[in-house]
Amino acid sequence: MQRCISCILPVTFPGIEFNSSGVCSVCEKYKEQKAYLPSLQKLKVKLDKIINENRSTNTQYDALVAFSGGKDSTYLIYTLKKEYNLKILAFTFDNGFMPDHTFLNIKNVLEKLDVDHLILKPRYDIIKRIFSTSAEEDIFPTSLLKFGSSICISCIRMVTNLSLKTAIEKQIPMVMIGNSPGQFIQSENEIIYKDNRIPYGLKRRLFKPLADKISEDVYYYFLLDKEQYKTRPFPYTINPLPIIGYDESQIYKIMTKLGWKRPDDVDPNSSNCQLNALGIIKHQEKLNFHPYDYEMSMLVRLGIISRDEALRRVEDPTGQTADIAADISEKLS
Ligand SMILES: [Zn+2]
(Lines give C-alpha, C1' and ligand atoms only; values in the text may rest on other atoms or scores of the structure.)
Protein backbone atom coordinates (compact mmCIF):
# COMPACT_ATOMS: atom_id res chain seq x y z
CA MET A 1 0.00 0.00 0.00
CA GLN A 2 1.33 3.47 -0.91
CA ARG A 3 2.06 5.57 2.16
CA CYS A 4 3.36 9.10 2.58
CA ILE A 5 7.16 8.98 2.69
CA SER A 6 7.25 11.60 5.42
CA CYS A 7 4.50 10.44 7.82
CA ILE A 8 2.69 7.11 7.27
CA LEU A 9 -0.74 8.08 5.94
CA PRO A 10 -1.90 5.64 3.26
CA VAL A 11 -3.44 6.37 -0.11
CA THR A 12 -6.76 5.03 1.28
CA PHE A 13 -7.03 7.79 3.93
CA PRO A 14 -10.15 9.88 3.15
CA GLY A 15 -9.44 12.98 1.07
CA ILE A 16 -5.67 12.49 0.89
CA GLU A 17 -3.51 13.51 -2.07
CA PHE A 18 0.19 12.99 -2.75
CA ASN A 19 2.66 15.35 -4.43
CA SER A 20 5.22 14.15 -7.00
CA SER A 21 7.79 13.35 -4.32
CA GLY A 22 5.34 11.17 -2.37
CA VAL A 23 4.55 13.56 0.48
CA CYS A 24 0.89 13.67 1.54
CA SER A 25 -1.43 16.67 1.60
CA VAL A 26 -1.88 16.36 5.40
CA CYS A 27 1.88 16.83 5.92
CA GLU A 28 1.94 19.78 3.52
CA LYS A 29 -1.03 21.42 5.21
CA TYR A 30 0.53 20.85 8.63
CA LYS A 31 3.68 22.66 7.52
CA GLU A 32 1.61 25.67 6.42
CA GLN A 33 -0.54 25.70 9.57
CA LYS A 34 2.36 25.36 11.96
CA ALA A 35 3.06 29.08 11.79
CA TYR A 36 -0.47 29.90 12.98
CA LEU A 37 -0.80 27.39 15.78
CA PRO A 38 -0.96 28.76 19.32
CA SER A 39 2.47 28.46 20.87
CA LEU A 40 2.93 25.84 23.55
CA GLN A 41 4.21 28.53 25.84
CA LYS A 42 0.99 30.50 25.49
CA LEU A 43 -1.06 27.37 26.20
CA LYS A 44 1.09 26.60 29.23
CA VAL A 45 0.37 30.07 30.64
CA LYS A 46 -3.35 29.48 30.04
CA LEU A 47 -3.25 26.03 31.66
CA ASP A 48 -1.40 27.30 34.73
CA LYS A 49 -3.83 30.20 35.07
CA ILE A 50 -6.90 27.93 34.94
CA ILE A 51 -5.35 25.50 37.41
CA ASN A 52 -4.47 28.28 39.85
CA GLU A 53 -7.88 29.91 39.60
CA ASN A 54 -9.71 26.64 40.19
CA ARG A 55 -7.45 25.08 42.78
CA SER A 56 -9.15 24.79 46.18
CA THR A 57 -12.59 25.91 44.98
CA ASN A 58 -13.72 22.42 46.08
CA THR A 59 -12.58 21.32 49.52
CA GLN A 60 -12.14 17.67 48.57
CA TYR A 61 -10.92 17.62 44.95
CA ASP A 62 -9.31 20.07 42.52
CA ALA A 63 -9.58 17.79 39.51
CA LEU A 64 -11.20 14.60 38.32
CA VAL A 65 -8.79 12.64 36.13
CA ALA A 66 -10.21 10.16 33.61
CA PHE A 67 -8.06 7.17 34.48
CA SER A 68 -8.10 4.21 32.09
CA GLY A 69 -5.13 2.42 33.62
CA GLY A 70 -3.22 2.99 30.37
CA LYS A 71 0.16 4.65 30.23
CA ASP A 72 -1.00 8.13 29.23
CA SER A 73 -3.59 8.66 31.97
CA THR A 74 -1.23 7.10 34.52
CA TYR A 75 1.46 9.59 33.53
CA LEU A 76 -1.10 12.39 33.72
CA ILE A 77 -2.13 11.57 37.30
CA TYR A 78 1.53 11.32 38.29
CA THR A 79 2.33 14.75 36.82
CA LEU A 80 -0.74 16.53 38.20
CA LYS A 81 -0.02 15.16 41.64
CA LYS A 82 3.77 15.57 41.72
CA GLU A 83 4.24 18.76 39.73
CA TYR A 84 0.97 20.60 40.27
CA ASN A 85 0.17 19.23 43.71
CA LEU A 86 -3.52 18.85 42.83
CA LYS A 87 -6.07 17.01 44.97
CA ILE A 88 -7.26 14.35 42.54
CA LEU A 89 -10.19 12.00 42.16
CA ALA A 90 -9.24 9.24 39.71
CA PHE A 91 -12.27 8.12 37.72
CA THR A 92 -12.28 4.86 35.76
CA PHE A 93 -14.89 3.98 33.18
CA ASP A 94 -14.76 0.18 33.09
CA ASN A 95 -15.86 -0.74 29.58
CA GLY A 96 -15.94 -4.43 30.50
CA PHE A 97 -12.99 -5.33 28.24
CA MET A 98 -9.98 -4.31 30.26
CA PRO A 99 -7.58 -7.19 30.90
CA ASP A 100 -6.99 -8.30 34.51
CA HIS A 101 -3.49 -6.91 34.36
CA THR A 102 -4.89 -3.40 33.87
CA PHE A 103 -6.67 -3.62 37.23
CA LEU A 104 -3.40 -4.67 38.84
CA ASN A 105 -1.70 -1.63 37.24
CA ILE A 106 -4.48 0.62 38.55
CA LYS A 107 -4.07 -0.74 42.07
CA ASN A 108 -0.26 -0.42 42.02
CA VAL A 109 -0.25 3.11 40.66
CA LEU A 110 -2.97 4.56 42.89
CA GLU A 111 -1.53 2.99 46.03
CA LYS A 112 1.86 4.54 45.22
CA LEU A 113 0.34 7.95 44.49
CA ASP A 114 -2.28 7.99 47.30
CA VAL A 115 -5.20 9.06 45.16
CA ASP A 116 -8.95 8.44 45.75
CA HIS A 117 -10.55 6.23 43.09
CA LEU A 118 -14.02 5.73 41.68
CA ILE A 119 -15.00 3.08 39.10
CA LEU A 120 -18.14 3.18 36.98
CA LYS A 121 -19.02 0.01 35.09
CA PRO A 122 -22.21 0.29 33.03
CA ARG A 123 -24.60 -2.64 32.93
CA TYR A 124 -23.28 -5.35 30.64
CA ASP A 125 -26.36 -5.70 28.40
CA ILE A 126 -26.27 -2.10 27.26
CA ILE A 127 -22.50 -1.80 26.99
CA LYS A 128 -22.36 -4.94 24.83
CA ARG A 129 -25.02 -3.55 22.52
CA ILE A 130 -23.31 -0.15 22.31
CA PHE A 131 -20.04 -1.77 21.24
CA SER A 132 -21.49 -4.41 18.91
CA THR A 133 -23.68 -1.80 17.21
CA SER A 134 -20.71 0.58 16.94
CA ALA A 135 -18.68 -2.24 15.39
CA GLU A 136 -21.25 -3.47 12.90
CA GLU A 137 -23.39 -0.49 11.83
CA ASP A 138 -22.67 2.90 10.28
CA ILE A 139 -23.09 5.12 13.30
CA PHE A 140 -20.62 7.98 12.89
CA PRO A 141 -19.66 10.22 9.93
CA THR A 142 -16.36 9.67 8.08
CA SER A 143 -15.20 13.08 9.29
CA LEU A 144 -14.89 11.48 12.75
CA LEU A 145 -13.81 8.02 11.62
CA LYS A 146 -10.68 9.53 10.05
CA PHE A 147 -9.31 9.87 13.57
CA GLY A 148 -10.43 6.65 15.26
CA SER A 149 -12.61 3.57 15.14
CA SER A 150 -16.33 3.66 15.74
CA ILE A 151 -15.90 1.56 18.90
CA CYS A 152 -13.27 3.98 20.24
CA ILE A 153 -15.38 7.02 19.43
CA SER A 154 -18.26 5.54 21.46
CA CYS A 155 -15.99 4.54 24.32
CA ILE A 156 -14.10 7.85 24.52
CA ARG A 157 -17.37 9.76 24.41
CA MET A 158 -18.68 7.75 27.38
CA VAL A 159 -15.41 8.34 29.25
CA THR A 160 -15.43 12.11 28.75
CA ASN A 161 -19.17 12.45 29.36
CA LEU A 162 -19.33 10.30 32.49
CA SER A 163 -16.21 12.02 33.85
CA LEU A 164 -17.88 15.38 33.35
CA LYS A 165 -21.17 14.15 34.80
CA THR A 166 -19.37 12.96 37.93
CA ALA A 167 -17.40 16.21 38.19
CA ILE A 168 -20.64 18.22 38.03
CA GLU A 169 -22.30 16.03 40.65
CA LYS A 170 -19.33 16.43 42.95
CA GLN A 171 -18.72 20.10 42.07
CA ILE A 172 -15.17 19.44 40.87
CA PRO A 173 -14.02 22.37 38.69
CA MET A 174 -11.68 20.57 36.27
CA VAL A 175 -11.81 17.32 34.29
CA MET A 176 -8.41 16.16 33.05
CA ILE A 177 -8.07 13.77 30.11
CA GLY A 178 -4.85 12.02 29.04
CA ASN A 179 -5.13 12.20 25.25
CA SER A 180 -1.76 11.95 23.53
CA PRO A 181 -0.58 14.91 21.41
CA GLY A 182 -1.29 12.78 18.30
CA GLN A 183 -5.00 12.75 19.07
CA PHE A 184 -5.48 16.39 18.20
CA ILE A 185 -6.05 18.08 14.93
CA GLN A 186 -4.15 20.87 16.64
CA SER A 187 -6.45 23.59 17.71
CA GLU A 188 -6.51 25.25 21.07
CA ASN A 189 -10.24 24.48 21.46
CA GLU A 190 -9.59 20.75 21.54
CA ILE A 191 -7.05 21.07 24.33
CA ILE A 192 -8.91 23.30 26.82
CA TYR A 193 -12.69 23.72 26.50
CA LYS A 194 -16.07 23.62 28.17
CA ASP A 195 -18.37 20.90 26.88
CA ASN A 196 -21.45 23.13 27.06
CA ARG A 197 -20.40 25.28 24.10
CA ILE A 198 -21.88 22.88 21.51
CA PRO A 199 -25.71 23.10 21.47
CA TYR A 200 -27.49 20.19 23.17
CA GLY A 201 -29.61 19.37 20.11
CA LEU A 202 -26.58 19.04 17.87
CA LYS A 203 -24.88 16.66 20.28
CA ARG A 204 -28.03 14.59 20.70
CA ARG A 205 -28.27 14.20 16.94
CA LEU A 206 -24.76 12.71 16.79
CA PHE A 207 -25.76 9.86 19.10
CA LYS A 208 -29.30 9.43 17.79
CA PRO A 209 -28.41 6.59 15.36
CA LEU A 210 -27.03 4.61 18.30
CA ALA A 211 -30.02 5.35 20.56
CA ASP A 212 -32.48 4.50 17.74
CA LYS A 213 -30.90 1.08 17.30
CA ILE A 214 -30.52 0.29 21.02
CA SER A 215 -32.62 2.36 23.42
CA GLU A 216 -33.09 5.86 24.81
CA ASP A 217 -30.98 4.67 27.78
CA VAL A 218 -27.91 5.27 25.60
CA TYR A 219 -28.24 9.04 26.10
CA TYR A 220 -27.43 8.74 29.81
CA TYR A 221 -23.95 7.49 28.95
CA PHE A 222 -23.30 9.86 26.03
CA LEU A 223 -24.81 13.16 27.19
CA LEU A 224 -25.28 15.14 30.38
CA ASP A 225 -28.84 15.67 31.55
CA LYS A 226 -30.21 18.77 29.87
CA GLU A 227 -30.22 20.69 33.18
CA GLN A 228 -26.57 19.79 33.86
CA TYR A 229 -25.48 21.77 30.79
CA LYS A 230 -26.73 24.87 32.63
CA THR A 231 -24.38 24.29 35.58
CA ARG A 232 -22.45 27.46 36.54
CA PRO A 233 -19.52 27.57 36.84
CA PHE A 234 -19.29 24.82 34.25
CA PRO A 235 -16.22 22.55 34.69
CA TYR A 236 -13.29 22.80 32.28
CA THR A 237 -12.27 19.79 30.23
CA ILE A 238 -8.50 19.88 29.83
CA ASN A 239 -6.04 17.74 27.89
CA PRO A 240 -2.71 18.68 29.48
CA LEU A 241 -0.35 16.17 27.80
CA PRO A 242 0.31 18.12 24.58
CA ILE A 243 1.12 21.15 26.76
CA ILE A 244 3.19 19.65 29.55
CA GLY A 245 5.28 17.49 27.23
CA TYR A 246 5.12 13.91 26.05
CA ASP A 247 8.29 11.88 25.89
CA GLU A 248 7.45 8.18 25.58
CA SER A 249 10.74 6.87 26.96
CA GLN A 250 10.46 9.23 29.94
CA ILE A 251 6.86 8.11 30.46
CA TYR A 252 7.84 4.41 30.48
CA LYS A 253 10.59 5.14 33.03
CA ILE A 254 8.09 6.71 35.42
CA MET A 255 5.61 3.87 34.79
CA THR A 256 8.19 1.32 35.90
CA LYS A 257 8.81 3.30 39.07
CA LEU A 258 5.06 3.21 39.79
CA GLY A 259 4.88 -0.58 39.39
CA TRP A 260 3.02 -0.30 36.06
CA LYS A 261 3.69 -3.00 33.45
CA ARG A 262 2.39 -3.16 29.90
CA PRO A 263 -0.19 -5.98 29.65
CA ASP A 264 0.83 -8.55 27.03
CA ASP A 265 -2.73 -9.32 25.92
CA VAL A 266 -3.51 -6.00 24.20
CA ASP A 267 -2.75 -4.79 20.65
CA PRO A 268 0.30 -2.56 19.92
CA ASN A 269 -1.84 0.59 19.97
CA SER A 270 -3.33 0.12 23.40
CA SER A 271 -1.82 -0.23 26.84
CA ASN A 272 -5.02 -1.11 28.71
CA CYS A 273 -7.93 -2.33 26.56
CA GLN A 274 -8.78 -5.42 24.49
CA LEU A 275 -11.81 -3.96 22.78
CA ASN A 276 -9.48 -1.65 20.88
CA ALA A 277 -8.32 -4.59 18.74
CA LEU A 278 -11.87 -5.31 17.55
CA GLY A 279 -12.35 -1.61 16.79
CA ILE A 280 -9.24 -1.70 14.60
CA ILE A 281 -10.13 -4.84 12.65
CA LYS A 282 -13.74 -3.73 11.96
CA HIS A 283 -12.53 -0.28 10.93
CA GLN A 284 -9.99 -1.74 8.51
CA GLU A 285 -12.57 -4.09 7.00
CA LYS A 286 -15.02 -1.25 6.37
CA LEU A 287 -12.78 1.67 5.50
CA ASN A 288 -9.51 0.11 4.36
CA PHE A 289 -7.21 2.20 6.53
CA HIS A 290 -6.06 1.82 10.14
CA PRO A 291 -7.93 3.90 12.77
CA TYR A 292 -4.55 4.84 14.28
CA ASP A 293 -3.03 5.98 10.95
CA TYR A 294 -3.82 9.60 11.74
CA GLU A 295 -2.69 9.57 15.37
CA MET A 296 0.55 7.76 14.54
CA SER A 297 1.23 10.07 11.58
CA MET A 298 0.79 13.03 13.92
CA LEU A 299 3.23 11.57 16.47
CA VAL A 300 5.74 11.20 13.60
CA ARG A 301 5.17 14.82 12.48
CA LEU A 302 5.66 15.99 16.07
CA GLY A 303 8.92 14.00 16.31
CA ILE A 304 7.59 11.88 19.20
CA ILE A 305 8.03 8.50 17.50
CA SER A 306 9.95 7.38 14.40
CA ARG A 307 8.23 6.56 11.12
CA ASP A 308 9.35 2.93 11.50
CA GLU A 309 7.82 2.67 14.96
CA ALA A 310 4.54 4.14 13.66
CA LEU A 311 4.53 1.58 10.84
CA ARG A 312 5.15 -1.26 13.29
CA ARG A 313 2.11 -0.21 15.32
CA VAL A 314 -0.31 0.06 12.41
CA GLU A 315 0.94 -2.93 10.44
CA ASP A 316 1.25 -5.19 13.53
CA PRO A 317 3.44 -7.93 12.02
CA THR A 318 2.70 -10.18 15.04
CA GLY A 319 -0.96 -10.55 14.07
CA GLN A 320 -1.92 -10.07 17.73
CA THR A 321 -4.59 -7.48 16.88
CA ALA A 322 -6.57 -9.97 14.79
CA ASP A 323 -6.29 -12.70 17.45
CA ILE A 324 -7.58 -10.47 20.26
CA ALA A 325 -10.32 -9.10 18.01
CA ALA A 326 -11.59 -12.61 17.31
CA ASP A 327 -11.85 -13.35 21.07
CA ILE A 328 -13.67 -10.12 21.81
CA SER A 329 -16.01 -10.50 18.87
CA GLU A 330 -17.12 -13.84 20.32
CA LYS A 331 -17.77 -12.23 23.73
CA LEU A 332 -19.90 -9.53 22.13
CA SER A 333 -22.06 -11.87 20.08
ZN1 LIG B 1 2.31 12.66 5.31
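Source: prediction; values computed, not measured. (Residues numbered from 1 in each chain as written. Predicted model: local features only at pLDDT ≥ 70, side-chain atom pairs only at ≥ 80, totals over all residues. Heavy atoms only, no water.)

**Q** How would you sum up the coordination of the zinc ion? Please name residues and give values.
**A** Those protein atoms acting as donors to the zinc ion are Cys 4 (SG), Cys 7 (SG), Cys 24 (SG) and Cys 27 (SG), and they sit at 2.3 to 2.4 Å. What the four donor atoms of the zinc ion show is an angle range of 105 to 113° at the metal, which sorts the shape as tetrahedral. Within one chain, the residues donating to the zinc ion are spaced in sequence as C-x2-C-x16-C-x2-C. Classification of Cys 4 as buried rests on a relative accessible area of 0%. Take Cys 7: its relative accessible area is 0%, and that puts it in the buried class. (Donors = N, O, S within 2.8 Å, 3.2 Å for Na, K, Ca; no water. Tetrahedral: all angles 85-135°; square planar, octahedral: opposite > 155°, others 65-115°. Buried < 20%, exposed > 50% of the residue type's maximum accessible area, 1.4 Å probe, protein only.)

**Q** Go over the pattern of salt bridges, please, and point to the residues and values.
**A** In the structure shown here, the tally under the stated rule is 22 salt bridges. In this structure, Lys 107 engages Glu 111 in a salt bridge whose closest nitrogen and oxygen atoms are separated by 3.2 Å. With Lys 107 and Glu 111 both in helix H4 (residues 100-113), this residue pair falls four residues apart, about one helical turn. Two residues, Asp 125 and Arg 123, come together in a salt bridge whose shortest N-O distance is 2.9 Å. The exposure class of Asp 125 is partly exposed, given its relative accessible area of 46%. (Salt bridge = Lys/Arg side-chain N within 4 Å of Asp/Glu carboxyl O. Helix = DSSP H or I, 4+ residues; strand = E, 2+ residues; numbered from the N terminus.)

**Q** Please give an account of the side chain of Asn 269 that cites residues and values.
**A** Among the structural elements, Asn 269 can be located in the loop between helix H12 (248-257) and helix H13 (275-287). Judged by relative accessible area, Asn 269 falls into the buried class, the value being 12%. A distance of 3.0 Å separates a polar atom in the side chain of Asn 269 from the backbone oxygen of Arg 313. The contacts of Asn 269, once residues within four sequence positions are left out, are Asn 276, Ile 280, His 290, Tyr 292, Met 296 and Arg 313. (Polar contact = N/O pair within 3.5 Å; in protein donor to acceptor, adjacent residues only side chain to side chain. Contact = heavy atoms within 4.5 Å.)

**Q** Describe in detail the side chain of Asp 72, supporting the description with residues and values.
**A** With respect to the secondary-structure elements, Asp 72 resides in helix H3 (residues 71-82). By relative accessible area, which is 15% here, Asp 72 ends up buried. Ignoring anything within four residues of it in the chain, the contact list for Asp 72 reads Gly 178, Ser 180, Leu 241 and Tyr 246.

**Q** Before we move on, can you summarise helix H5 (residues 124-136) with the specific residues and values?
**A** With 13 residues, H5 should cover 18 Å at 1.5 Å per step; its first-to-last C-alpha distance of 18 Å lies within 8% of that length. Among all positions of H5, only Ile 126, Ile 127, Ile 130, Phe 131, Thr 133, Ser 134 and Ala 135 are buried. At its buried positions, H5 is contacted by strand E2 (88-93), helix H7 (150-169), helix H9 (200-213), helix H10 (218-222), H13 and helix H16 (320-332). (Expected span 1.5 Å × (residues − 1).)

**Q** Outline the sheet that holds E2, supporting the account with residue identities and numerical values.
**A** Strand order in this open sheet of six strands is E3-E2-E1-E4-E6-E5, and the pairing throughout is mixed. Single-partner strands in this sheet number two, and they are strand E3 (116-120) and strand E5 (192-193). Judged from the three bridges that link them, strand E4 (residues 174-176) and strand E6 (residues 236-238) form a sheet pairing that is parallel. Each residue of the ladder has a partner; that of Met 174, found in E6, is Tyr 236. (Pairing = 2+ DSSP bridges.)

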